[in-house]
Amino acid sequence: MSGLISWVVPLSAARPVVVFHAAAGLMILVVTPLKLRGSVRAGFKRGRPSRWLSSAFGVLVLATIALGAAHATALWFGVGYWSALWTHQLIGFLLAPLLLWHVATRPVRPSTADVDRRAVLATGAAGAAALGVIVVQESVARLLGTAAVDRVGTGSHDAGSFEPDAMPTVQWLDDRVPADTSADAWALTIAGDAVTVDDLWARSRPMVARLDCTGGWFADQSWDAVALDELLPPAATATGRSIMVTSSTGYRRLFPLVDAAELFLAVRYDGRRLRRGHGAPVRLVAPNRRGPQWVKWVIDVSVVDRPSWLQLPLPPT
Ligand SMILES: Nc1nc2c(c(=O)[nH]1)N[C@H]1C(S)=C(S)[C@@H](COP(=O)(O)O)O[C@H]1N2
Ligand SMILES: [Mo]
């Protein structure tokens, strides 16, 4: 849950959420041996029909914590598509229904008697120990200069800052890179009016912004871009609540209209045309927002009445 929250908060606010997320994982590790001695064994003895599901649940919890730690420490990034962090997230999603089931079928009902002084102290101690582990891990990484030192507040590692050729390309679930992304043929409309890629290029200014994918990497780049508040005519922004940015693939995101000055259409990076995979010929640059908001292959920017909170936090809208 805290992992998901870290995806939707501004980049600058992600650090405490990510630290909490890591500490919660480590606390589960502390509690596991205690649970193994107590209730889990009791459950096995009584031969509850659910015991195999409970064991699978436990193994998956430990696996996802291990994968999260592997990513955080940069000790292991996984294999190809099955990156450590993506697998960590996938298991997390699988665990959600199991967790509900686990809580609903517990033999022992939680009661207010559980919240005694000892329990509060024990939780506090486990939390402090977890934070201690994080501080030690980060200090050791800094001392040794390991690959983990490039992490930013979101927990992401640097993957190609100021080197667009090194930056990964990421398609959401079943989205595909369009076959033809040539600038000349690109049909882009802004508030209903056709705008050419050359127009954008002529009006663009260089800016540095960080693309931080929820997949666990970030890259700072110098983009040539134009702010949406300069592109949207005053008549279009007089009414309406949100800006809807739509890709040629159908992928789209809504943003509060008041944020028009903080959203940009980019046509180049590092002084060069965007590559096809990176959203050529025109993509959204959304500083301080996570990667999924950075719509690629933009074909339309419109002002709509629908409030921007009325969309799923991640695509499909
Ligand atoms: N149209 C479209 N835009 C998209 C995506 C997508 O799948 N389709 N993926 C998003 C995600 S999850 C990220 S992290 C960034 C990745 O941008 P890049 O491929 O240029 O690195 O694009 C975003 N914009
Ligand atoms: Mo992403």
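On a predicted model such as this, the values are computed, not experimentally measured, just so you know.

S.K.: Sorry if this is basic, but what is going on with the side chain of Ser-83 here?
M.R.: Within the secondary structure, Ser-83 is located in strand β2 (residues 82-83). Those residues in contact with Ser-83 that sit more than four places away from it in its chain are Phe-77 and Gly-78.

S.K.: It is not clear to me how the site of ligand 1 should be interpreted in this structure. Could you clarify?
M.R.: Surrounding ligand 1, one finds 21 residues, the nearest of these being Pro-168, Trp-172, Asp-175, Arg-283 and Lys-296. The separation between an oxygen atom of ligand 1 and a polar main-chain atom of Pro-168 is 2.7 Å. Between ligand 1 and Lys-296 there is a distance of 2.5 Å, counted from an oxygen atom to a side-chain nitrogen or oxygen. In isolation ligand 1 offers 530 Å² of accessible surface; the protein chains occlude 100% of this area.

S.K.: Just to check I follow, could you spell out the packing of helix α3 (residues 51-73) against helix α4 (residues 84-104) for this structure?
M.R.: Any two packed helices are characterised by how steeply their axes cross, that is the angle between the axes, and by the distance between the axes. Where α3 meets α4, the closest approach of the two axes is 9 Å, and the angle between their N-to-C directions is 150 degrees. Judged on the interaxial angle alone, α4 and α3 are roughly antiparallel. Where α3 crosses over α4, the handedness of that crossing is left-handed. Contact with α3, carried on its side by Leu-53, Ser-54, Phe-57, Leu-60, Val-61, Ala-63, Thr-64, Leu-67, Gly-68 and His-71, involves Ala-84, Leu-85, Thr-87, His-88, Ile-91, Gly-92, Leu-95, Leu-98, Leu-99, Trp-101 and His-102 of α4 and no other residues of that element.

S.K.: Where do I start with the nonpolar core in this structure?
M.R.: Burial of nonpolar side chains together is a common tendency in soluble globular proteins. Counting residues in each nonpolar core, the largest one holds 45 residues, and the members touching the most others are Leu-188, Leu-200, Trp-223, Leu-228, Ile-243, Leu-265 and Leu-284. Of the residues forming this core, the biggest block, six residues, is contributed by strand β7 (residues 217-227). Grouped together as the second largest cluster of nonpolar side chains are eight residues, Val-61, Leu-67, Ala-84 and Leu-95 included.

S.K.: Explain the domain arrangement of the protein to me, please; I cannot follow it from the model alone.
M.R.: By a frequent convention, interface size equals the accessible area lost on bringing the separate parts together. Domains assigned within the protein are domain 1 (2-156) and domain 2 (164-304). For domain 1 and domain 2, the distance between their C-alpha centres works out to 35 Å. Summed over both partners, the interface of domain 1 with domain 2 buries about 1,100 Å², with 56% contributed by carbon and sulfur atoms. When the area that domain 1 buries against domain 2 is broken down by residue, the three leading residues are Trp-7, Leu-11 and Ser-156, summing to 53%. At the junction of domain 1 with domain 2, the criterion picks out zero salt bridges. Elements with a minimum of two residues in the side of domain 1 that touches domain 2: α1 (2-8) and α4.

S.K.: In this structure, what is going on with the sheet that holds strand β9 (residues 252-256)? I would like to understand it.
M.R.: Strand pairing within a sheet occurs via backbone hydrogen bonds; the two strands may be parallel or antiparallel. The sheet built from five strands is open, its strands ordered β5-β4-β13-β8-β9 with mixed pairing. A single partner strand is all that each edge strand has here, and the edge strands are β5 (193-195) and β9. On average, each strand axis in the sheet is tilted by 25 degrees relative to the strand beside it, whichever way the strands run. By the bridge criterion, six bridges tie strand β8 (residues 242-247) to strand β13 (residues 298-304) in an arrangement that is antiparallel. Each bridged residue has a counterpart across the sheet, and for Val-245 the counterpart in β13 is Val-301.

Definitions and limits used
Residues numbered from 1 in each chain as written. Chains lettered and ligands numbered in written order. Predicted model: local features only at pLDDT ≥ 70, side-chain atom pairs only at ≥ 80, totals over all residues. Heavy atoms only, no water. Helix = DSSP H or I, 4+ residues; strand = E, 2+ residues; numbered from the N terminus. Contact = heavy atoms within 4.5 Å. Near = heavy atom within 4 Å. Polar contact = N/O pair within 3.5 Å; in protein donor to acceptor, adjacent residues only side chain to side chain. Areas by Shrake-Rupley, 256 points an atom, 1.4 Å probe, with all protein chains shown as cover. Axes fitted to C-alpha atoms, helices over the stretch in contact; angles between N-to-C directions. Parallel < 35°, antiparallel > 145°, perpendicular 65-115°, else oblique. Left-handed = near helix turned anticlockwise from the far one by under 90°. Core = buried A, V, L, I, M, F, W, Y, C linked by side-chain atoms within 4.5 Å. Buried < 20%, exposed > 50% of the residue type's maximum accessible area, 1.4 Å probe, protein only. Domains from an automatic or database assignment. Buried area = accessible area lost by both parts, 1.4 Å probe. Salt bridge = Lys/Arg side-chain N within 4 Å of Asp/Glu carboxyl O. Pairing = 2+ DSSP bridges.

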